[in-house]
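So you can see what is in the structure, the chains are spelled out below.
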Amino acid sequence: MSSSQPDERIRRVFAPNLGGMSNSPILYQTKENPEWWRSSVIYQIYPRSFADGNGDGMGDLKGIEKRLPALAELGIDAIWCSPFFKSPQKDAGYDVSDYKDIDPLFGTLADFDDLVKEADRLGIKIIVDLVPNHSSDQHEFFKAALAAGPGSPEREMYMFRDGKGENGELPPNNWESVFGGIAWTRITEADGKPGQWYLHIFDSSQPDLNWDNPKVRDMFDGVLRFWLDRGAAGFRIDVAHGMIKRAGLPDVAVADSHMGGAKSEAQMTIRELEEKNPFWGQPEVHEINRRFRKVLNEYEGRAMCGEAWVMPLERMATWVRPDEYHQTFNFGYLETPWNKEKLHKVVTESLKVFGDVGAPSTWVLSNHDVIRHVTRMGYDQIPKQGDGIGPNSPQPDEALGQRRGRAASAFMLGLPGGAYIYQGEELGLPEHTTLGEAYREDPTFFRTKGERVGRDGCRVPIPWEAGVNESNGFSSTGASWLPQPDSYKKYARSNQEGVAGSTLELYKRLLKVRRELSMGAGNFRWAPEYQDGNTLAYINNGVLVLSNFGPDAVVVPAGEMLATTQHDLLIEGELEIDQTVWIKL
Ligand code: NOJ
């Protein structure tokens, strides 16, 4: 139906008599000459699954290099590569046995140098994933710690403790691993007897390093410099909020007995939160943040992004004060559903709290740990993060998820600040929601005996050329370390390239406009004059971004149509439910 045929379902969402003026305050204003990381679009590559250069079914650095032109064409500024270091791969590379070398699965240091060089030629920066909270149990320091015995300086590199109970048979405290089960493993000492316990907040193959030990700090200064010297543009820091454990390693308070009642985390003060979680977000972590920052400051134009799951956002913002991280992933935003009021709240709050410390907000919807957002948004009741989706779980509504997911991407990419895109997101790739048990690799699956299927579903190799082989061109042989679901053929890049209305072309368009109109470094205010009960609108650098949350269609305001999730939408046409449009006013 065209706008010339009045329809009861359609409402005008703007008041022309306001002439586009609004009293809503500017919430974000660009500084002059902002540094690159304040506005960049950073593309996350999960090396195992991006592109396979040697046909063995495992993605690698040569594969990435070969596909760089596709990323340049997409219009990104930088790549964050998940870990490619030497590793037994017990947690897909987040278990590092040598921080200064590449795992043969992924290539060599020379391949890394080639990648940095080629990316640089295409104007793309490479960000390395640093994993400082824990190493692999195969790291030489951990092996030395096991051999050296209790009380030795070698043991002091990690978190060894004697057990409780008569014979030390009970773990030192009640902490639980993020992946399920207890966070302690008892070792057998050199004399063959059961001995001390070591802490692992994640898998038992990932012993926590002891960041109270200056030797650990010195070691990581060296690791940072090693990659910065090789041309890394910076780091994504894994578990940035977990490196310091509360002195004395007190038990986690059992729910309800804490502070006299059933206070939810949302009601707690920052101090109470620090106390409640003795291994997350301890105040002394900030010293480490500052130390890392000092090393980065020795180099020109480098940046680091912290993976700090610390809520509320006001607390997360303390991680990005001027002498700490440059960015932290805005997980508050990631966890916000496709809901008008909630999005308004989280964006307003983010711009305020990060702005107060002079930092940009860093928007993100998907990564290798969470259910892909087009799949999340295909549920009314979103499955719990980290649990994953398996063949026996309720399945998502694919069409709904695609619609909302694309609208959410277009809403996010118009916002000022940094933005992260997770590989495959630009194809609208859904989660693999029916991956069989035999393929599961996530330690969560094993540590919970399959109760939580884990994160493999968002880590499935990318389909490049539809139908060329079983992996849709991920590898030349069709091999693929995880099988793709049937639907991946439909979503393959070759099926979207140059196709008007495809998700790939949508992302290219959004990134192009975002760059040309400097929206990442924008000037933001809400635009209530363009809103009604079911829409949310903001203006960033003269671009109106309008999303419709439904149920009715709304008339698109006059202006120049810059981008839209709704193929064939016309100015003064109808913007349907779960669609977003960008208009130059
Ligand atoms: C966060 C990473 O993103 C995740 O993939 C990993 O399993 C844990 N940290 C442990 O390193």
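Structure's up top.
Not measured: the values here are computed from a predicted model. (Residues numbered from 1 in each chain as written. Predicted model: local features only at pLDDT ≥ 70, side-chain atom pairs only at ≥ 80, totals over all residues. Heavy atoms only, no water.)

## Structural notes on the site of the ligand
Among the 13 residues in the neighbourhood of the ligand, the closest are listed as Asp91, Arg236, Asp238, His368 and Asp369. His134 is positioned such that a nitrogen or oxygen atom in its side chain is 3.0 Å from an oxygen atom of the ligand. A distance of 2.9 Å is found between an oxygen atom of the ligand and a side-chain nitrogen or oxygen belonging to Arg236. Burial of the ligand by the protein chains amounts to 97% of its free accessible area of 300 Å². Residue classes in the shell around the ligand are distributed as four nonpolar, two polar and seven charged. (Near = heavy atom within 4 Å. Polar contact = N/O pair within 3.5 Å; in protein donor to acceptor, adjacent residues only side chain to side chain. Areas by Shrake-Rupley, 256 points an atom, 1.4 Å probe, with all protein chains shown as cover. Nonpolar A, V, L, I, M, F, W, Y, C, P; charged D, E, K, R; others polar.)

## A short note on unusual backbone geometry
Keep in mind that most residues, glycine aside, have a negative phi and that most peptide bonds are trans. Note the cis peptide between Met311 and Pro312, where omega equals 0°. Position of Pro312 relative to the elements: it lies in the loop between β12 (303–306) and α8 (313–316). Following Gly550, the chain continues into Pro551 via a peptide bond in cis, with omega recorded as 10°. In this structure, Ser518 takes a positive phi of about 50° despite not being glycine. Relative to the helices and strands, Ser518 is located in the loop between α15 (503–516) and β16 (523–526). (Helix = DSSP H or I, 4+ residues; strand = E, 2+ residues; numbered from the N terminus.)

## Details of the nonpolar core
Ranked by size, the top nonpolar core spans 138 residues in total, and within it Trp227, Phe411 and Trp582 carry the most contacts. Among the elements that line this core, the one with the most residues is helix α5 (residues 214–229), at eight residues. Formed by 13 residues, the second largest nonpolar core is a distinct cluster that contains Trp184, Leu199, Phe202 and Leu249. (Core = buried A, V, L, I, M, F, W, Y, C linked by side-chain atoms within 4.5 Å. Buried < 20%, exposed > 50% of the residue type's maximum accessible area, 1.4 Å probe, protein only.)

## Regarding the pairing of strand β10 (residues 194–199)
With respect to burial, β10 is a largely interior element, five of its six residues being buried. As paired elements, strand β8 (residues 160–161) and β10 share two bridges and run antiparallel to each other. For Arg161, the partnering residue across the bridge sits in β10 and is Trp197. Looking at chain direction, strand β9 (residues 184–188) and β10 are connected through four bridges and run antiparallel. When the sheet's bridge partners are listed, Trp184 is paired in β10 with Leu199. Counting the residues between successive antiparallel strands, the hairpin from β9 to β10 contains five residues, one of them, Gly192, with a positive phi of roughly 85°. (Pairing = 2+ DSSP bridges.)

## Here we look at the environment of Ala419
Positionally, Ala419 belongs in strand β15 (residues 418–422). Exposure remark for Ala419: the relative accessible area of 0% places this residue in the buried category. As for Ala419 and Leu365, which are separated by 54 residues in sequence, their C-alpha atoms are 9.0 Å apart. Discounting chain neighbours no more than four positions away, the residues touching Ala419 are Ser40, Val41, Ile42, Trp363, Met412, Leu413 and Arg514. (Contact = heavy atoms within 4.5 Å.)

## Looking at the pattern of salt bridges
Following the criterion strictly, the structure yields 40 salt bridges and no others. The closest approach of N and O atoms between Lys62 and Asp111, which form a salt bridge, is 3.9 Å. Of this pair, Lys62 sits in helix α2 (residues 61–74) while Asp111 is found in helix α3 (residues 109–121), placing the two residues 49 residues apart along the sequence. By relative accessible area, which is 33% here, Lys62 ends up partly exposed. Its salt-bridge partner being Glu505, residue Lys508 comes within 3.1 Å of it at the nearest N-O pair. Residue Lys508 and its partner Glu505 are both found in helix α15; the two are separated by three residues, about one turn of the helix. When its relative accessible area of 12% is taken as the criterion, Lys508 is described as buried. Connected via shared salt-bridge partners are Glu73, Arg493, Glu497, Glu505 and Lys508. (Salt bridge = Lys/Arg side-chain N within 4 Å of Asp/Glu carboxyl O.)

These results come straight from atomic positions and should not be treated as a statement about function.
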